[in-house]
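Working through the structure, step by step
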Amino acid sequence: MPTSPLEVDAFYTQLQQRIVDSGEWDRIRFVLASKLNEAGWSDDLRHRSKERAREMKPLSFQTLYDEVFPVAHTSLPLAVKREILAQIRHWVDKQFL
Amino acid sequence: MTSNPTSSCPHFAIVLEESDVSQKLLEKYASVVNWSVNRYQSVRGCVKRRKVSAPSCGTCGLTLARTFACLHCVYTGCWLDGHVSHHLKENDHDFCVDATTGVIFCNQCNDFMFAHPLNKLFLETKILAEEKYGSLKINSTKILPKEVFKPWVLNEKDVGALKGSQTIPCQARRGLLNLGQTCFLNAVLQCFVHNPLLRSYYLADKHNPKQCKFEQCTSCEMDKLFTEIYSEDSTPHGPVSFLATSWHASPDLAGYAQQDAHEFFMNTLNAIHLTSRGSTNVHCNCIIHSTFAGQLQSDVKCERCGNVTSTVDPMLDVSLDFRGKGNEGNSSENTLAACLRRFTQPEKLGAKYTCKSEKCSKSSQEASKRLTFRKLPPVLCFQFKRFEHKTADKNAARKIDTPIRFPASLCMAPYTTFALEDPEKAGHGIFPGPAGMFDYDLFAVINHEGNMDNGHYTNFARFQDEWCRFDDDKVTSSTLGTCLDSPAYMCFYVKRYLDYKVETRPTYVIARETEALREKEKEKENEKEKEAARMKEVEDALLATV
């Protein structure tokens, strides 16, 4: 098991590569997107961003992102968060088998 | 920042003007988009499962879950940690692209931008790349041939036809007058007018009332309605003749009583189908069936022997129950997705089934039935069954007011026959075909407020990205959020990517032409015979004189 910060970093990089290359990252992202869509989170975000952008002069992505991000973060449905974290954890555990 | 009609970024506009610079940039752009599509497909598992190495960030070395590519060099990097924008600044490179969405970031503007030529290039590249993965193998190995995407390039004939013609916006909004409890009619008509496939059909003059031979033709009425809506007059229009024609088509419902919007919708679909030229009872390809017709597969499984009997039924819309039999339904499950899951889950039939398989003892078996979507139409209409008839007496019906949450975008993949045949696949989000192949976008919603006897119908509809609320003659600008919060009774979704069959000429056109040819042949034969007869007369006359 990695212990020093440098070892943890290297370990993280390796795990990241594995999860992306194997396609598991995209699969989990797809599941996350459907759950968030069903919960209405995606549409709420889309609506907020659009209406905010409508009034923003001049329109800037970074300003919009900075304003919307906190709301997006806090409005994340807990059940979805738990479920996705569980899937990621399950995959990580499998790497040690 | 000056805004340019082709690009929101003046720096990119300058690039577009220098052909050699822009060509290199756009080629790199197209190759990034291509790469993104191909990588996404291989990772989705529908191609052979093999490890595909993803690019890593040129700054921090982490494998990129979301790739941003510089358009001037081979650098790829992370966005969130600022690595890619740092690279742009350090190297005086102006543009980078988000491989997932095709959106370009300009270093000088320090912002993302929109450019028409880019948008077009993105869609074309994406569609062409995805097409390779588009052939869906259904049960048997039959692959339905599809028309390959070709970007539309104006030819001489097109240029000639467009010369001197006036361009008008493809959108129009006009309120409809309530003619006496006809809000149900107005709501349904607005949903027809905002239906992209119907709009294209009628604006392209595909049903011309001057050439139509049907009496009291509903399709002609629809054409007239489009003419009214797209006319220069923006005052509310009273759909009097449409109403009169609908009474003619369904005499039982004539009169000024409030009708059920869904019932009216279905009757109108049928009426337009019947008044479309070339419509048939089986495999009809009239505008209604081309737009709304799908197929449901019904699988009945004998619980004793496992034998499954499948039947395919046509459908024009989907009626969804609020809750399954028995349970009260908890609040988190009042979503369209939950309704669709209930719709496609196996249902016990009770011990009344007669199994047709030889291995089984035949009658009175336990069986289960399951519905799945075998063929998805370009437009999906969902109805939420809010009016519960407990007894045969219509007046004793009750309205279910439970709010339903429905999305602006819907993926139908998990409810298809293909996905549900292998339920493990469906749960894991591994679907065949290009991304977005099963995606639908909401374009209209019919609302009902009040109770059964004295309720009011209104509707929402969008053109491109802007939503409006329609309340008979009152049309107001609205938002997606307001629409999604409304008390929905019916929802209309349109498929994001349409598939085209290989172009063939309709059988009735071929029949007509063969018939015309045959007539011509017969004419020629008759002429020949007449000539021969005349010649014979002349000969006989000559012989007689000898």
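Not measured: the values here are computed from a predicted model.

Across its full length, chain B holds 16 helices and 19 strands. Here chain B holds 546 residues, and the buried ones make up 42% of them. Taking all contacts inside chain B whose residues are at least 6 apart in sequence as the whole, residues at least 24 apart take part in 63%. Looking at chain B as shown, the accessible area adds up to about 30,700 Å², and 53% of this sits on carbon and sulfur atoms.

What follows deals with the overall build of chain A. The helix and strand inventory of chain A stands at five helices and zero strands. Mapped from its N terminus to its C terminus, chain A presents α and β elements in the order α-α-α-α-α. Here the C-alpha atoms of chain A give a radius of gyration of 18 Å, more than 25% beyond the 13 Å that 2.2 N^0.38 yields for 97 residues. Counting only C-alpha atoms, chain A reaches 50 × 30 × 20 Å along its principal axes. Within chain A, contacts between residues separated by at least 24 positions form 63% of all contacts whose residues are at least 6 apart in sequence. Carbon and sulfur atoms form 62% of the exposed surface of chain A, whose accessible area is close to 6,400 Å².

The next subject is the pattern of salt bridges. Evaluation of the coordinates by the stated rule reveals 25 salt bridges over all chains. In this structure, the salt-bridge partner of Asp 43 of chain A is Arg 46 of chain A, at a minimum N-O distance of 3.3 Å. Taken as a pair, Asp 43 of chain A and Arg 46 of chain A lie in helix H3 (residues 41-55) at a separation of three residues, close to a single helical turn. Taking the shortest distance from any N to any O, the salt bridge between Asp 401 of chain B and Lys 399 of chain B comes out at 3.1 Å.

Once that is clear, we can look at the sheet that holds strand S9 (residues 347-353) of chain B. Think of a sheet as strands paired side by side through backbone hydrogen bonds, with each pair either parallel or antiparallel. All names here are of chain B. Read across the open sheet, the four strands follow the order S7-S6-S10-S9; overall the sheet is antiparallel. This sheet does not close on itself; its edge strands, each paired only once, are strand S7 (308-315) and S9. Taking the axes of each pair of neighbouring strands and ignoring which way they run, one obtains an average angle of 30 degrees across the sheet. Note that strand S6 (residues 294-302) and strand S10 (residues 365-375) share eight bridges and pair antiparallel.

Attention now goes to unusual backbone geometry. In terms of backbone geometry, most residues other than glycine have negative phi values and most peptide bonds are trans. For the bond from Lys 57 of chain A to Pro 58 of chain A, the omega torsion is 0 degrees, close enough to zero to count as cis. Of note in the backbone geometry, His 283 of chain B takes a positive phi value of approximately 50 degrees without being a glycine. Secondary-structure assignment places His 283 of chain B in the loop between helix H10 (261-274) and helix H11 (287-292).

All right, on to the nonpolar core then. Residue and element names in this part refer to chain B. By size, the foremost hydrophobic cluster in this structure holds 46 residues, and its most contacted members are Phe 192, Met 222, Phe 265, Tyr 457 and Phe 492. No other element matches the nine residues that helix H6 (residues 183-193) contributes to this core. For Phe 265, the contacting residues outside a window of four places in its chain are Val 188, Phe 192, Phe 292, Cys 381, Met 490 and Phe 492. Grouped together as the second largest cluster of nonpolar side chains are 36 residues, Val 318, Phe 322, Ile 404 and Leu 442 included.

What follows covers the packing of helix H2 (residues 24-38) of chain A against H3 of chain A. For any two helices packed against each other, the geometry is given by the interaxial angle and the distance between the axes. Residues and elements named next belong to chain A. One can describe the packing of H2 onto H3 by two numbers: an axis separation of 5 Å at closest approach and a directional angle of 75 degrees. Here H2 is positioned roughly perpendicular relative to H3, judged by the angle of their axes. On the side of H2, the interface is formed by Ala 33, Leu 36 and Asn 37, while H3 contributes Trp 41, Ser 42 and Asp 43. Looking at the contact of H2 with H3, its residues break down into three nonpolar, two polar and one charged.

The next subject is empty space enclosed by the protein. Residues and elements named next belong to chain B. In the structure shown here, the tally under the stated rule is three cavities of 30 Å³ or more. Roughly 100 Å³ of volume is contained in the largest cavity. Lining the largest cavity are 14 residues, with Ser 246, Ser 250, Phe 264, Asn 267 and Thr 268 sitting closest to its centre. Contributing elements (two or more residues each) for the lining of the largest cavity: helix H9 (240-249) and H10.

Okay, the packing of helix H7 (residues 196-203) of chain B against helix H8 (residues 218-229) of chain B next. Residues and elements named next belong to chain B. Where H7 meets H8, the axes come as close as 10 Å, and the angle between the chain directions of the two elements is 90 degrees. Of the possible angle classes, the one that applies to H7 and H8 is roughly perpendicular. From H7, Leu 198, Arg 199, Tyr 202 and Leu 203 reach across to H8, where they touch Ser 219, Met 222, Asp 223 and Phe 226. Of the residues that constitute the contact of H7 with H8, the class distribution is five nonpolar, one polar and two charged.

So, about a nonpolar patch on the surface. Residues and elements named next belong to chain B. Residues Trp 152, Leu 154, Val 159 and Leu 162 make up a contiguous nonpolar surface patch of about 440 Å² in total accessible area. With respect to the helices and strands, the residue Val 159 is situated in helix H5 (residues 156-162). In this structure Val 159 comes out as partly exposed when scored by relative accessible area, which is 44%.

This next bit is on the sheet that holds strand S5 (residues 111-113) of chain B. Residue and element names in this part refer to chain B. Taking strand neighbours across the sheet as the criterion, the five strands line up as S2-S1-S3-S4-S5 in an open arrangement whose pairing is antiparallel. The sheet is open, and its two edges are formed by strand S2 (76-77) and S5, each paired on a single side. Bridging between strand S1 (residues 68-70) and strand S3 (residues 95-98) involves three bridges; their strand directions are antiparallel. The partner of Cys 70 across the bridge, within S3, is Cys 96.

Procedures and definitions
- Residues numbered from 1 in each chain as written.
- Chains lettered and ligands numbered in written order.
- Predicted model: local features only at pLDDT ≥ 70, side-chain atom pairs only at ≥ 80, totals over all residues.
- Heavy atoms only, no water.
- Helix = DSSP H or I, 4+ residues; strand = E, 2+ residues; numbered from the N terminus.
- Buried < 20%, exposed > 50% of the residue type's maximum accessible area, 1.4 Å probe, protein only.
- Contact = heavy atoms within 4.5 Å.
- Areas by Shrake-Rupley, 256 points an atom, 1.4 Å probe, with all protein chains shown as cover.
- Rg over C-alpha atoms; globule rule 2.2 N^0.38 Å.
- Salt bridge = Lys/Arg side-chain N within 4 Å of Asp/Glu carboxyl O.
- Pairing = 2+ DSSP bridges.
- Axes fitted to C-alpha atoms, helices over the stretch in contact; angles between N-to-C directions.
- Core = buried A, V, L, I, M, F, W, Y, C linked by side-chain atoms within 4.5 Å.
- Parallel < 35°, antiparallel > 145°, perpendicular 65-115°, else oblique.
- Nonpolar A, V, L, I, M, F, W, Y, C, P; charged D, E, K, R; others polar.
- 1 Å grid on protein atoms, 1.4 Å probe; cavity = no way out; pocket = protein on both sides within 12 Å on 5 of 7 lines; lining within 4 Å.
- Points joined across faces, edges and corners; volume = space filled by probe spheres on them.
- Patch = residues over 30% accessible without salt bridge, like charges linked within 9 Å, V, L, I, M, F, W, Y side chains within 5 Å.

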